[in-house]
Amino acid sequence: MSASARPGWMEKPRPLTQAAKALALTAVVLLVCVPFLVIVSTSLASTQEVVDNGGWVLWPTEPTLDAYRDIFDGGIVTHALGVSAGVTIAGTLLSLACTVTLAYALSRPGVFGGKPVLLLVLFTFLFPPGMIPSFLLVKELGLLDSYASLVLPVLVNVFNLVVLRGFFQSIPEELYEAARLDGAGDWRVLVSVVLPLSKAALAVVGLFYAVAYWNSWFYASLYLESDHWPLQQVLRTYVVAGAGLTDATTGEATVTAPQTVQMAVLVIATVPILLVYPFLQKYFTKGVLTGAVKS
Amino acid sequence: MLPGVAYFLLFHYGALVGNVIAFKEYVPFDGLWGSPWVGSGNFRRMFEDEAFWDAVLNTLWIAVLQLVFYFPVPLGLALLLHTLTWSSVRRFVQSVAYLPHFISWVIVVALFQQVLGDTGLLNSGLSGAGLHTVDIIGDPDAFKPLVVAQVIWKDAGWGTIIFLAALAQVDEQQYEAAAIDGAGPWRRFWHVTLPAIRPVVVLLLIMRLGDILSVGFEQMLLQRDAVGPEAAEVIDTFVYHQGIVGGDYGFAAAAGLFKGLVGALLVYAANKVAHRLGEQGVYR
């Protein structure tokens, strides 16, 4: 569709309707953007300016990176950033590997045990096991205070699995047959035929996993000691709950971090999402829909 | 296939079996299997516990508020976006509206604190204008509207995707034919657009109903301390505080199991009703 194509049969909306629409859309955009602007501005302002302004700044008069310098000197946020990045990368790769292989097996007709396994998987969606049994399981497996406890219990997501399976099923059967005739085994077919064709779906599912790992804080609060915390849990403790920042090197608790520092931590936790978002955004509708429509 | 299957067997079915703890008194030293049985004791205790029923009530209240105030928003937004003929504007608004879905609850709650908290953006503006300040974040009475507003902010944009997909599948010629037959915008909306998205709306309603006892665990947990359990305790946070914090694992697992059973039952019932009404439902 071109930039502005009104079909011939559609009448031009009345000016009042158009104004109302424009107003509503502007409101949506502002409601999303203004909070982020305030956070970024405040993190860039000087502590003095924030105090003068009564807690927040819409546009810093003299931008400074002091807050960020404080954070990266302190140690605790730097360490948490490393934990979050590590868990996100390792977790996403592991999850993708497991989801792709399972989704591929379940997408092929006539796989041994395919039907019961599919039912088994879908049932977990209807009836999740519950928090306490899951916690006790992790505990009995000896995973407490290990980074594996952030990844293994949430390794495969049923929704992502269904999306990928749907996408694999939408690949024309002729392609599979052609590959088979060339003597390709299942692995060959998956790696050289299916995966290259599924880039959009892989990108979307990969993003979903990455975002989930990056955003996760509850499992960290459940399973990890505080010196192993990822960024979101640090954020929760020092910004949302307003506890004093502890210096990781000296172990000394300082007073509640200044507003600028708190906002800088918030920015650091948000930026990775904002960075990957534009690249993957174009795949959303395509990737989600192929799966969602079939499920 | 194997790693994935192993995962589901261990972490879902293994944990599902772990629900036997709901019929036991958990003794850490004896472990899951060695702990003594107490029959339905945990359940009886639960049904007599006032705090549990308060949590159930809070859960239902928030769920109803979400159904009334949150559920229609993505639908309305999708209908609005669908009427846009200027596709670059449409794509821009969509990109912006989807974004909050990818922000963690920790950040969303922090954002709301910054805007609505007692030293936040709103109150700075109010006190600057010489008006009374309002404490929205710490007020138990404001908690339920607040959490619904947060859900709308975070997920309304993302929720439009499925409606937009349903709208995109409507045959353009149906609109054209209706227009040629003299149907104005409202008649076309009523007779072409609405029937096209009805199955999706029903589907989402059913799924919401099955999930009615889950109302944003992380969201509630993050803000429970600010307003106290009377306003913010839902079934999930009840389970968390009784079990993980309080160490009363058997009792908490009983509450969790109760929630799971009721949820599954509700999906089943809602699906039956959908079939009666001639809709596809979630499954057949």
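Bear in mind that the values here come from a model prediction, so they are computed numbers and not experimental data. (Residues numbered from 1 in each chain as written. Chains lettered and ligands numbered in written order. Predicted model: local features only at pLDDT ≥ 70, side-chain atom pairs only at ≥ 80, totals over all residues. Heavy atoms only, no water.)

Undergrad: Would you mind going over the overall build of chain B in detail, with residue names and values included?
TA: Scanning chain B from N- to C-terminus turns up 15 helices and 0 strands. Along the first, second and third principal axes, the C-alpha set of chain B runs to 75 × 60 × 40 Å. The buried share among the 284 residues of chain B stands at 54%. Considering only contacts within chain B whose residues lie at least 6 apart along the sequence, 64% involve residues at least 24 apart. Per element, the accessible surface of chain B, about 13200 Å² overall, is 65% carbon and sulfur. (Helix = DSSP H or I, 4+ residues; strand = E, 2+ residues; numbered from the N terminus. Buried < 20%, exposed > 50% of the residue type's maximum accessible area, 1.4 Å probe, protein only. Contact = heavy atoms within 4.5 Å. Areas by Shrake-Rupley, 256 points an atom, 1.4 Å probe, with all protein chains shown as cover.)

Undergrad: How would you sum up the UniProt feature "transmembrane region" (unreviewed entry) in chain A? Please name residues and give values.
TA: The positions that UniProt labels "transmembrane region" (unreviewed entry) are, in the present scheme, residues 80-105, 117-138, 150-168, 189-214 and 261-280 of chain A. End C-alpha atoms of residues 150-168 of chain A are separated by 28 Å, and the span's content is 68% helix alongside 0% strand. (UniProt positions renumbered as here; feature names shortened; annotations may be inferred.)

Undergrad: Go over the UniProt feature "transmembrane region" (unreviewed entry) in chain B, please, and point to the residues and values.
TA: Cross-referencing UniProt, the feature "transmembrane region" (unreviewed entry) maps to residues 5-23, 60-84, 96-116 and 196-217 of chain B in the present numbering. Annotated as 68% helix and 0% strand, the span residues 5-23 of chain B places its first and last C-alpha atoms 28 Å apart.

Undergrad: Tell me what's going on with helix H3 (residues 41-48) of chain B, and back it up with residues and numbers.
TA: Since there are 3.6 residues in each turn of an α-helix, residues three or four apart along the chain are aligned in direction. Residues and elements named next belong to chain B. Along H3, the positions that sit buried rather than exposed are Asn42, Phe43 and Met46. Buried residues in H3, looked at end-on, bunch into an arc of 95 degrees, giving them a common side. Exposed and oriented more than 90 degrees from the buried face of H3 are Arg44 and Glu48. Looking at the buried residues of H3, the elements they touch are helix H4 (50-70) and helix H15 (249-276). (Arc of directions from axis to C-beta.)

Undergrad: Mind laying out the packing of aromatic side chains, listing which residues take part and the relevant values?
TA: Under the counting rule described, the total for this entry stands at 24 aromatic pairs over all chains. Here the aromatic rings of B:Phe47 and B:Trp53 are separated by 5.9 Å at their centres, their planes lie at 25 degrees, and the arrangement is stacked. Taken together, the ring pairs connect A:Phe135, A:Trp217, A:Phe218, A:Tyr219, A:Tyr223, B:Phe217, B:Tyr240 and B:Tyr249 into an aromatic cluster. Over the ring of A:Tyr176 we find A:Arg108; its NZ or CZ atom is 3.5 Å from the centre of that ring. Looking at B:Arg45, its charged tip hangs above the ring of B:Phe251, at a distance of 4.1 Å from the centre. (Phe/Tyr/Trp six-rings, centres within 6.5 Å; stacked < 30°, edge-to-face > 60°. Lys NZ or Arg CZ within 6 Å of the ring centre and 35° of its normal.)

Undergrad: Go over the side chain of B:Gln66 with me, naming the residues and quoting the values.
TA: Within the element layout of this structure, B:Gln66 appears in helix H4. Those residues in contact with B:Gln66 that sit more than four places away from it in its chain are B:Phe71, B:Val148, B:Val151, B:Arg208 and B:Val215.

Undergrad: Summarise the packing of helix H5 (residues 72-82) of chain B against helix H9 (residues 143-168) of chain B; cite the residues concerned and give the values.
TA: Residues and elements named next belong to chain B. Two elements in contact, H5 and H9, have axes separated by 7 Å at closest approach and are oriented at 55 degrees. In this view, H5 runs oblique relative to H9, as classed from their interaxial angle. For the crossing formed where H5 meets H9, the hand is right-handed. Along the contact surface, H5 presents Val73, Pro74, Leu75, Leu77, Ala78, Leu79, Leu81 and His82, while H9 presents Ile152, Ala156, Gly157, Gly159, Thr160, Phe163, Leu164, Leu167 and Ala168. Split into classes, the residues belonging to the contact of H5 with H9 amount to 13 nonpolar, 4 polar and no charged. (Axes fitted to C-alpha atoms, helices over the stretch in contact; angles between N-to-C directions. Parallel < 35°, antiparallel > 145°, perpendicular 65-115°, else oblique. Left-handed = near helix turned anticlockwise from the far one by under 90°. Nonpolar A, V, L, I, M, F, W, Y, C, P; charged D, E, K, R; others polar.)

Undergrad: An account of the pattern of salt bridges is needed here, citing residue identities and associated values.
TA: Residue and element names in this part refer to chain B. By the definition in use, this model includes 5 salt bridges over all chains. Where Lys259 meets Asp236, a salt bridge forms, and the shortest distance between an N and an O atom there is 2.8 Å. Within this pair, whereas Lys259 is found in helix H15, its partner Asp236 is found in helix H14 (residues 235-245), the two being separated by 23 residues in sequence. Assessed through its relative accessible area of 16%, Lys259 is described here as buried. (Salt bridge = Lys/Arg side-chain N within 4 Å of Asp/Glu carboxyl O.)

Undergrad: An account of the environment of B:Ile206 is requested, with residue identities and associated values reported.
TA: Within the fold, B:Ile206 resides in helix H11 (residues 185-210). Each C-alpha atom, one on B:Ile206 and one on B:Gly128, is 47 Å from the other, the two residues being 78 residues apart in sequence.

Undergrad: Break down the interface of chain A and chain B for me, with residues and values.
TA: Taken residue by residue, the interface counts 85 residues in chain A and 81 residues in chain B. Summed over both partners, the interface of chain A with chain B comes to about 7300 Å²; 76% of that surface belongs to carbon and sulfur atoms. Together, A:Trp9, A:Phe127 and A:Ile132 form the three largest contributors to the area buried by chain A at its contact with chain B, with a combined 10%. Summed over the shared surface of chain A and chain B, the result is 0 salt bridges. In this structure, the connection of chain A to chain B is made through 7 residue pairs in polar contact (both at pLDDT 80 or more). The biggest single contributor to the side of chain A that touches chain B is helix H1 (residues 15-44) of chain A, with 12 residues. Of the residues in the side of chain A that touches chain B, the class split is 66 nonpolar, 13 polar and 6 charged. (Buried area = accessible area lost by both parts, 1.4 Å probe. Polar contact = N/O pair within 3.5 Å; in protein donor to acceptor, adjacent residues only side chain to side chain.)

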